[in-house]
Amino acid sequence: MQIAKRIRRLGTEGGFEVLVQVNKLKTEGRDIISLAIGEPDFDTPQNIKDAAIKAIKDGYTHYSPSAGILPLRESIARYVSKTRGIEVDPDEVVVTPGVKPVFFNSILSCINEGDELIYPNPGYPIYESVTNFLHGKPVPLPLLEEKNFSFDVEDLQKKITPRTKMIIINSPHNPTGSILSYNDLKAVAEIAIQNDIWVISDEIYYNITYDGKFQSIVSIPGMEERTILLDGFSKTYAMTGWRLGFGVMKKELAAHIARIETNVDACTATFTQYAGIEALEGPQDDSLAMVEELKKRRDLIYEGLNDIKGIKCLKPKGAFYVYPNVTEACRNLNLSDSEALQQYLLYKGNVAVLARSCFGQRNKGEREEYIRLSYATSRENILEGLRRIKKAVEV
Ligand code: PLP
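All figures in this text were calculated on a predicted structure; none of them were measured in a lab. (Residues numbered from 1 in each chain as written. Predicted model: local features only at pLDDT ≥ 70, side-chain atom pairs only at ≥ 80, totals over all residues. Heavy atoms only, no water.)

## A look at the sheet that holds strand 8 (residues 245-248)
Within a sheet, each strand pairs with its neighbour through backbone hydrogen bonds, oriented either parallel or antiparallel.
Line of reasoning, step 1. Here seven strands make up an open sheet; going across it, the order is 2-8-7-6-5-3-4 and the pairing mixed. Two strands lie at the open edges of the sheet, namely strand 2 (93-96) and strand 4 (137-142), each paired on one side alone. Averaged over all pairs of adjacent strands, the angle between strand axes in this sheet comes to 20 degrees, irrespective of strand direction.
Line of reasoning, step 2. As paired elements, strand 2 and strand 8 share four bridges and run antiparallel to each other. Each bridged residue has a counterpart across the sheet, and for Val94 the counterpart in strand 8 is Gly247.
Line of reasoning, step 3. The strands that helix 7 (residues 182-195) touches are strand 5 (164-170) and strand 6 (198-202); relative to strand 5, the one it contacts most, it runs at about 165 degrees. (Pairing = 2+ DSSP bridges. Helix = DSSP H or I, 4+ residues; strand = E, 2+ residues; numbered from the N terminus. Axes fitted to C-alpha atoms, helices over the stretch in contact; angles between N-to-C directions. Contact = heavy atoms within 4.5 Å.)

Below, the structure is given as structure tokens:
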């Protein structure tokens, strides 16, 4: 029996593989502090859970329209209009089980074989994996530490060819926690408009910012018609396991994305969608308190890491990740790269982190070593993790 060749082009998320390793070590009785996983450790707010339970009791347990129930699409349209300052029609919204499907469906709908797609590197590994799988050509755009993990505009310009069909941006950014400045967004917008290119703006961490709000590229004149805005409930409302996300895009494209949903998922779980309405329309106190707490943890981990010999890091502005430079630590420990450091910290230090390679291949000429740590875990865990890293690294 054969397995189709195309499946070999599909990548994965390193984070999930490390999770398997961590769980194995834990079942063997090892006490591991995990700073690897990218999800809030907070519970989903009670009002959202209650809304889902009520929806089940009220009988919302059947199929819904593939694009999502109208009241949720209306809620999303209002939320996006208010936060991004654009007019949104509910027909421009597609609800999916998490942001991942709407991303996949967007590539499936907009990229032909051989079309080039520019994506941030380091970056969320699914961008490259899905592009390869769907026969697009992923073109990495290096994000540079010396530019606060933004990109070089000239470099972006040089990567544009007649085959470029899409640019992906992700801000606040996984894994670096950086936020693109308005000037950077304007540069992307100008290039996209000039060359008639789609932009996917992955704004899943939109509400998790610490030093002022981030502006969306969709608000820039001329961008609404070519932007596919992705956002969702996984991070803002600690709902990763619920599977609820959405895309906002022009109507014609939204209809194709919904048709793919008809073919693949039929729809997002109906009672989950009712919980989504409560998330957007109900009190925001729990979500705001979560961001306040994450900010304290950000400060803690930022200071703690910079206090370790051989590690230095920039202060992240959003999301819940920090991406320190560990070149010197690797050198001091005689480790070849950050993958070796990841293994060393896990097996010798009992701390799980993710190596650079979990976020795409090294850029040409990239010589520095980095790891990603998630601070979506308790302050006690962060302090204990930092203590263990310091002990393991400063030998
Ligand atoms: N985009 C980015 C940048 C992410 O970091 C993640 C999750 O880690 C996602 C998308 C996927 O979100 P969801 O769980 O809603 O599918």
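## Structural notes on the pattern of salt bridges
Line of reasoning, step 1. Taken as a whole and judged by the stated rule, the model has 26 salt bridges.
Line of reasoning, step 2. Between Arg78 and Glu281 there is a salt bridge, with its nearest N and O atoms 2.8 Å apart. Note that Arg78 is positioned in helix 3 (residues 70-84) and Glu281 in helix 9 (residues 270-281), a separation of 203 residues in sequence.
Line of reasoning, step 3. By relative accessible area, which is 48% here, Arg78 ends up partly exposed.
Line of reasoning, step 4. A salt bridge links Arg356 to Glu366; its shortest N-O distance comes to 2.7 Å. Within this pair, whereas Arg356 is found in the loop between strand 11 (354-355) and strand 12 (371-374), its partner Glu366 is found in the loop between strand 11 and strand 12, the two being separated by 10 residues in sequence. You'll find Arg356 and Glu366 in the same group, each marked buried. (Salt bridge = Lys/Arg side-chain N within 4 Å of Asp/Glu carboxyl O. Buried < 20%, exposed > 50% of the residue type's maximum accessible area, 1.4 Å probe, protein only.)

The quantities given are spatial measurements derived from coordinates; they are silent on function.
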